[in-house]
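Analysis of the macromolecular model
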Protein chains: 2
Amino acid sequence: MDVKKIIAKIVEEKAEVGGIKQVYYVACGGSYGAFYPVKTFLETEAKTIKVGLYNSSEFIHNIPAGFGENAVLIVASHKGNTPETVKAAEAGKKAGVIVLALTFKPDSPIVEFADYVISYSFGDNKDIAKEKTIQALLTGVEILQQTEGYDNYDKLLKGITQIDLIVKNACKHVEKRAAAFANEYKNDKVIYTMASGAGYGAAYMESICIFMEMQWINSASIHSGEFFHGPFEITDVEIPFVLQLSEGRTRALDERALAFLNTYGKRVEVLDAKDLGLSTIDASVVDYFNHSLYNNVYNIYNHALADVRQHPLTTRRYMWKVAY
Amino acid sequence: MDVKKIIAKIVEEKAEVGGIKQVYYVACGGSYGAFYPVKTFLETEAKTIKVGLYNSSEFIHNIPAGFGENAVLIVASHKGNTPETVKAAEAGKKAGVIVLALTFKPDSPIVEFADYVISYSFGDNKDIAKEKTIQALLTGVEILQQTEGYDNYDKLLKGITQIDLIVKNACKHVEKRAAAFANEYKNDKVIYTMASGAGYGAAYMESICIFMEMQWINSASIHSGEFFHGPFEITDVEIPFVLQLSEGRTRALDERALAFLNTYGKRVEVLDAKDLGLSTIDASVVDYFNHSLYNNVYNIYNHALADVRQHPLTTRRYMWKVAY
């Protein structure tokens with residue numbers, strides 16, 4: 001069943017008890033990051049639907065008061081076996097909350113506690129429109145369209161038909177740049193990422209899942225608007241920043257940060273969504289596609305960096321190796 | 001007018017149009033961090049009220065659809081002149097949204113666009129119960145109590161009567177430890193903070209406003225639950241972490257992170273809210289007081305660190321010095 005039909009069934013079922021009033025997105029790490037665009041979408045575009053994005057462990061230890069008959073719980077786990085996220089789904093099942101699970105493995109443990117399962121594309125040559133991030137975005141878009149209504153619904157769906165080609169072209173476009181980046185930054189001990197708006201989750205993922213987890217490089221993801229209220233004092237000609245110059249409503253924040261870095265910093269890698277072709281998507285919905293662009297373009301950079309550093313992206317010291 | 005009366009007037013006024021449905025907390029940097037407990041409070045305890053916490057610049061560039069007659073905008077600016085936050089207040093005024101401004105300077109520019117002004121205590125010997133964080137928390141508590149109702153209202157108000165003494169004792173209690181910390185970490189290039197739950201904002205503030213802004217030390221605030229899904233691979237015996245072992249529902253997350261750091265790391269400074277006396281506050285509401293405890297205890301550490309490093313907390317290279 002596709003997302004539109006799943007949401008239609010939930011909306012129909014919930015009509016008897018007053019409709020959908022809360023949507024909780026719950027996941028860990030990369031899956032948490034993948035929920036960032038849809039969380040921002042419902043925060044921005046929904047008038048009254050309450051939306052939350054939670055780390056799974058935080059959620060199961062501190063279940064919100066709104067988690068009841070009007071709530072929908074949407075969880076994501078790539079292999080469907082993240083213990084905290086499986087527990088969150090179980091908590092949903094026990095509380096009588098409708099549970100939707102996004103996973104790459106539809107035969108995994110999390111499915112036991114899910115009313116609906118959405119599987120997504122992953123790996124080389126995947127269709128970007130079928131990726132976790134876009135499938136997650138669609139859950140929010142359909143919930144909004146089928147309840148409060150969403151004026152830009154058709155434009156957003158059109159954007160989904162455009163994103164695969166845009167991303168694949170962008171990935172080719174950055175190949176040389178990514179190789180140069182890898183050479184320039186291969187010995188750095190700290191690399192910051194910076195972003196704003198619905199694309200911020202991609203900067204968060206790059207920071208925690210790639211620089212910290214897969215390359216053991218110190219990192220933080222800085223919000224471009226918050227940059228000027230603390231973090232910018234760290235700026236000097238040595239400190240590297242990867243800046244997401246996003247397309248959409250918060251681009252001005254990223255431009256301001258870039259202007260500062262161009263004046264007082266020196267080592268800035270700019271990923272410009274305009275330059276990378278995102279602007280063909282309608283301006284009213286383009287914000288929600290930054291994440292898919294950046295998350296996939298980063299992949300080219302990550303492989304280049306791992307190669308030059310001779311530190312494979314699969315190397316771990318704790319994950320899969322020790323109990324924790 | 002105190003917070004309870006201000007909210008009563010707003011609730012009365014909004015009754016004609018269907019009541020308060022959205023609460024937007026909007027600020028930058030330290031003030032953004034100070035809103036973290038109240039944002040978590042309404043996310044957790046309110047069933048249907050939609051709550052958002054936004055950086056001011058993000059907010060004014062991307063105003064949410066819910067920002068209308070049922071919304072309350074609550075802004076904070078210490079000196080009342082943060083340009084982005086003043087603009088956010090102005091946007092509220094223009095949209096006919098009720099604006100509440102928290103500021104230390106009630107005669108500042110932001111007041112022009114505020115329907116109600118709440119001033120707070122600040123500086124040496126301040127009453128912790130009258131600080132920005134607790135006054136902000138009270139706005140959420142009163143909104144909830146006067147709309148949906150809040151079962152633990154009396155317990156939370158009792159907690160507010162307890163917090164000043166707890167914090168002042170804790171600050172004395174850590175003096176020696178803070179001096180030892182300053183000596184141990186004075187030459188480090190990176191220091192991470194880690195936290196969960198409603199107290200996470202204090203870890204964020206320590207990271208961006210102290211380590212990065214005031215000491216030019218690289219930093220990130222890591223969520224204790226997210227730690228195991230990426231960041232923990234950075235752990236080794238060299239990397240320093242300051243861990244908030246919080247009191248309340250998410251303590252288990254912090255304990256798990258601490259157990260890992262005690263096994264695979266070495267340089268961990270633990271701020272244990274139990275040890276620091278927070279447990280005398282009722283368990284049903286104690287989560288919302290972690291921030292006030294940590295934020296003030298950090299102050300002892302910060303002065304010790306600045307002294308040993310001969311890098312005053314007031315030294316800046318960009319703020320107050322260049323245009324940006």
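What you see is a predicted model, and the numbers here were worked out from it, not measured in a lab.

With that settled, the discussion passes to helix H3 (residues 36-45) of chain A. For H3 of chain A, the tally of buried residues reaches 10 of 10 residues, placing the bulk of the element in the interior. Looking only at H3 of chain A, the buried set comprises Tyr36, Pro37, Val38, Lys39, Thr40, Phe41, Leu42, Glu43, Thr44 and Glu45 of chain A.

Residue and element names in this part refer to chain B. Closest axis-to-axis distance for the helix H6 (residues 132-145)/helix H7 (residues 153-173) pair is 11 Å, and the angle between their directions is 165 degrees. When the axis of H6 is compared with that of H7, the two are roughly antiparallel. Pair H6 / H7 crosses with left-handed handedness. Contact with H6, carried on its side by Ile134, Val141 and Gln145, involves Tyr153, Leu156, Ile160 and Ile163 of H7 and no other residues of that element. Residues that form the contact of H6 with H7 fall into these classes: six nonpolar, one polar and no charged.

What follows deals with the sheet that holds strand E7 (residues 221-223) of chain B. All names here are of chain B. Overall, parallel pairing links the four strands, which are arranged E7-E6-E8-E9 in an open sheet. Each edge of the open sheet carries a strand with a single partner, namely E7 and strand E9 (268-272). Averaged over all pairs of adjacent strands, the angle between their axes in this sheet comes to 20 degrees, without regard to strand direction. The sheet contact formed by strand E6 (residues 192-195) and E7 spans three bridges and is parallel. Opposite Ala195, over in E7, you have His223 as the bridge partner. Contacts between helix H9 (residues 200-214) and the sheet are confined to E6, E7 and strand E8 (241-245), with E6 contributing the most and set at about 170 degrees to the helix.

Related by rotation about an axis and a shift along that axis, the two copies of the chain form a pair. Rotating chain B by 180 degrees about the axis while translating it 0.0 Å along that axis superimposes it on chain A, leaving an RMSD of 0.0 Å. Both copies are brought into coincidence by an operation consistent with a two-fold rotation axis. In this assembly, 100% of the residues forming the interface of chain B have copies in chain A that are likewise at the interface, indicating an isologous arrangement.

Residues and elements named next belong to chain A. You can read the domains of chain A as domain 1 (3-150) and domain 2 (167-309). Averaged C-alpha coordinates put domain 1 and domain 2 at centres separated by 27 Å. Taken together, the contacts link 13 residues of domain 1 with 15 residues of domain 2. Within the residue set of the side of domain 1 that touches domain 2, elements represented by two or more residues are helix H2 (29-34), H3 and helix H6 (132-145). Its residues placed into classes, the side of domain 1 that touches domain 2 shows seven nonpolar, five polar and one charged.

Contacts between the two partners involve 52 residues from chain B and, on the opposite side, 52 residues from chain A. The set of elements that each furnish at least two residues to the side of chain B that touches chain A consists of helix H2 (29-34), helix H3 (36-45), strand E2 (50-55), helix H4 (56-61), H9 and helix H10 (251-264) of chain B. Split by residue class, the side of chain B that touches chain A holds 22 nonpolar, 18 polar and 12 charged.

Residue and element names in this part refer to chain A. On the basis of which strands lie adjacent, the open sheet formed by four strands has the order E7-E6-E8-E9 and parallel pairing. Looking along the sheet, the strands with just one partner apiece sit at the ends: strand E7 (221-223) and strand E9 (268-272). Adjacent strand axes in the sheet meet at a mean angle of 20 degrees, parallel and antiparallel pairs treated alike.

Here is what the cut-offs are and how they apply
Residues numbered from 1 in each chain as written. Chains lettered and ligands numbered in written order. Predicted model: local features only at pLDDT ≥ 70, side-chain atom pairs only at ≥ 80, totals over all residues. Buried ≥ 20, exposed ≤ 12 C-beta atoms within 10 Å, placed from the backbone. Helix = DSSP H or I, 4+ residues; strand = E, 2+ residues; numbered from the N terminus. Axes fitted to C-alpha atoms, helices over the stretch in contact; angles between N-to-C directions. Parallel < 35°, antiparallel > 145°, perpendicular 65-115°, else oblique. Left-handed = near helix turned anticlockwise from the far one by under 90°. Contact = placed C-beta atoms within 7 Å. Nonpolar A, V, L, I, M, F, W, Y, C, P; charged D, E, K, R; others polar. Pairing = 2+ DSSP bridges. Least-squares fit on C-alpha atoms with pLDDT ≥ 70 in both. Domains from an automatic or database assignment.

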